[in-house]
Amino acid sequence: MDSIYIVGGNRLTGEVKVSGSKNGTLAIMAGALLAKGPTILENVPRITDVHTMMEMLQELGVRVRELEPNTFEIDATDLQSHEAPYDLVKKMRASFCVAGPLIGRLGYAKVPMPGGCDIGARPVDFHVKGLQMLGAKVTMEHGYVEAKADKLKGATIYLDFPSAGATQHIMTAACLAEGVTRIENCAMEPEVNDLAEFLIAMGAKIKGGGTSTIEIEGVDEMRGARYRMIPDRMEAGTLAMAACITRGDVLLTDCSPEHCSAMFKKLQETGVKVIEGPDWARVIADSRPKATDIKTMPHPGFPTDMQQPFAALLAVADGTSVITENVYERRFKYVSELGRMGADIIQEGRTAIIKGVPKLTGAEVSSSDLRAGAALIIAALAADGRSEISGVEHIDRGYERIVDKLASLGAEIVRREAAPETSARMA
Ligand code: UD1
């Protein structure tokens, strides 16, 4: 198993390109099942979650090939199978979202209950309710959801919470349904609007992407499209926070500042300077961050995915900060690991109270999920001495070449197989 080794203390400076969006790509890949004809996706991040989704599509009879680095062709013309394999769905929750398009194309889907990062209860009740309201007959037995409908029928669906995944899933299911579907209280995440734009390029009729009500008028058939993935706002946020904790000066290119608004505003509250351009952002930090509070919320609120990385920054802030996690109740597994590095964090229920310390110290730590891994990397970049981060497979799920990118900005960071004994300093 690989580990990431970091010797903290180097100031990050320079320019780095943000990769394509993980969450956007996963939703769009599931959406590509709807088309007869090839779809070409550009700026696709090469991360394990995307690889898992590719394997999933191939299992369903879809042709997937890489045309050039980060550009893939997906051809679902000969879609054959209606059953998603358990060993792939258990790895990644987003793969559950193939059910809607499968019903649309084949009238039947059998998909296992999903897995994914262990960050709290992650039910699929909104997804199931949506499919049922569109007329699918749904049964849940032996760990599988089976849904059947000769033809889905448009309906008005109200979501109890603006779930990104459920909004995207119901949108794709509704594209080939008869009549009009309205999704009320839907998610407004940029990746939801991006999926809407992609589906429109494939021939769907969708209004209201990016707002709290989306309307989809069903069409008989959809065609392939060429589409470029939006920048990954979570990677942009992670790199920005890495720059800030090292008091660095980093230019993020191929970045969409409007998607990062809540994160950048909160970074500014810590005393960081953020300069924004149309497709870039420069983050400049020259002093210890000031404490601030965050509450996670659906978009345009502060994203839950950035709660853990931000906590790493607040761990060295001047003063006490309070984090309230409103989306995933167990997204605090990093707290004990940051504690091993000297952070002073008390967690109770959905709240973490962080008393900033002047310095963290390098330690052996383990990443329990994707964004916890990001938090540990950020902390290690500023810590005194060397850290070894295990659980890198979680980080690989969502960060493309993160070690190379941070090294190019001046970090002392390597990835290698964990050795039984490791030297105090990396050669
Ligand atoms: C997506 C993102 C994930 C992010 C999350 C919240 C992908 C692949 N992943 O996950 O990175 O952390 O949005 O921004 O896009 N819920 C239910 N029932 C459901 C569905 C959701 O109760 O059927 C609840 C969840 O438990 C959670 C909240 O709704 O509390 C939001 O979840 P949701 O937006 O669906 O997250 P995902 O789409 O799974």
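How each quantity is defined
- Residues numbered from 1 in each chain as written.
- Predicted model: local features only at pLDDT ≥ 70, side-chain atom pairs only at ≥ 80, totals over all residues.
- Heavy atoms only, no water.
- Helix = DSSP H or I, 4+ residues; strand = E, 2+ residues; numbered from the N terminus.
- Rg over C-alpha atoms; globule rule 2.2 N^0.38 Å.
- Buried < 20%, exposed > 50% of the residue type's maximum accessible area, 1.4 Å probe, protein only.
- Areas by Shrake-Rupley, 256 points an atom, 1.4 Å probe, with all protein chains shown as cover.
- Lys, Arg positive; Asp, Glu negative; His and termini not counted.
- Charge placed at Lys NZ, Arg CZ, Asp CG, Glu CD.
- Pairing = 2+ DSSP bridges.
- Domains from an automatic or database assignment.
- Contact = heavy atoms within 4.5 Å.
- Buried area = accessible area lost by both parts, 1.4 Å probe.
- Salt bridge = Lys/Arg side-chain N within 4 Å of Asp/Glu carboxyl O.
- Polar contact = N/O pair within 3.5 Å; in protein donor to acceptor, adjacent residues only side chain to side chain.
- Near = heavy atom within 4 Å.
- Nonpolar A, V, L, I, M, F, W, Y, C, P; charged D, E, K, R; others polar.

Right, let's talk about the overall build of the protein for a bit. Within the protein, the regular secondary structure consists of 14 helices and 25 strands. For the protein, the C-alpha radius of gyration of 22 Å lies close to 22 Å, the compact-globule estimate for 427 residues. With respect to the principal axes defined by its C-alpha atoms, the protein has extents near 60 × 45 × 40 Å. Out of the 427 residues belonging to the protein, those deemed buried represent 58%. Accessible surface for the protein amounts to roughly 16400 Å². Of this, 47% is attributable to carbon and sulfur atoms. With 48 positive and 57 negative side-chain charges, the protein shows a spacing of 2 Å between the two charge centroids.

So, about unusual backbone geometry. Cis geometry marks the peptide bond from histidine 299 to proline 300; its omega dihedral reads 10 degrees. Among the secondary structure elements, proline 300 is positioned in the loop between strand E19 (294–295) and helix H10 (307–314). For histidine 142, which is not glycine, the phi dihedral falls at a positive 55 degrees. Along the chain, the position of histidine 142 falls in the loop between strand E8 (137–141) and strand E9 (144–148). Since its relative accessible area comes to 77%, histidine 142 is described here as exposed.

Another aspect to go through is the pairing of E8. The sheet contact formed by E8 and E9 spans 5 bridges and is antiparallel. By the bridge assignment, lysine 137 is partnered in E9 with lysine 148. Linking E8 back to E9 in an antiparallel pair, the connection comprises 2 residues, with histidine 142 at a positive phi of about 55 degrees.

This part takes up the domain arrangement of the protein. What the domain assignment reports for the protein is domain 1 (2–19 + 231–417) and domain 2 (22–228). Centre-to-centre, using C-alpha coordinates, domain 1 lies 30 Å away from domain 2. Between domain 1 and domain 2, the contact holds 24 residues from the first and 25 residues from the second. Around 2200 Å² of area is buried between domain 1 and domain 2 when both sides are counted, 49% of it from carbon and sulfur atoms. Across the domain 1-domain 2 interface, the total number found is 3 salt bridges. Taken together, the connections running from domain 1 to domain 2 amount to 10 residue pairs in polar contact (both at pLDDT 80 or more).

This part covers the site of the ligand. With respect to spatial proximity, 19 residues lie near the ligand, and among them Arg93, Asp125, Ser163, Gly165 and Asp305 are the closest. Within the backbone of proline 123, a nitrogen or oxygen atom sits 3.2 Å from an oxygen atom of the ligand. In isolation the ligand offers 730 Å² of accessible surface; the protein chains occlude 86% of this area. Mapped onto the shell around the ligand, the elements with two or more residues apiece are helix H5 (125–133) and helix H6 (164–175). With 3 residues, the single largest contributor to the shell around the ligand is H5. Partitioning the shell around the ligand into residue classes produces 9 nonpolar, 5 polar and 5 charged. Shared between two domains, the shell around the ligand holds at least three residues of each, these being domain 1 (2–19 + 231–417) and domain 2 (22–228).

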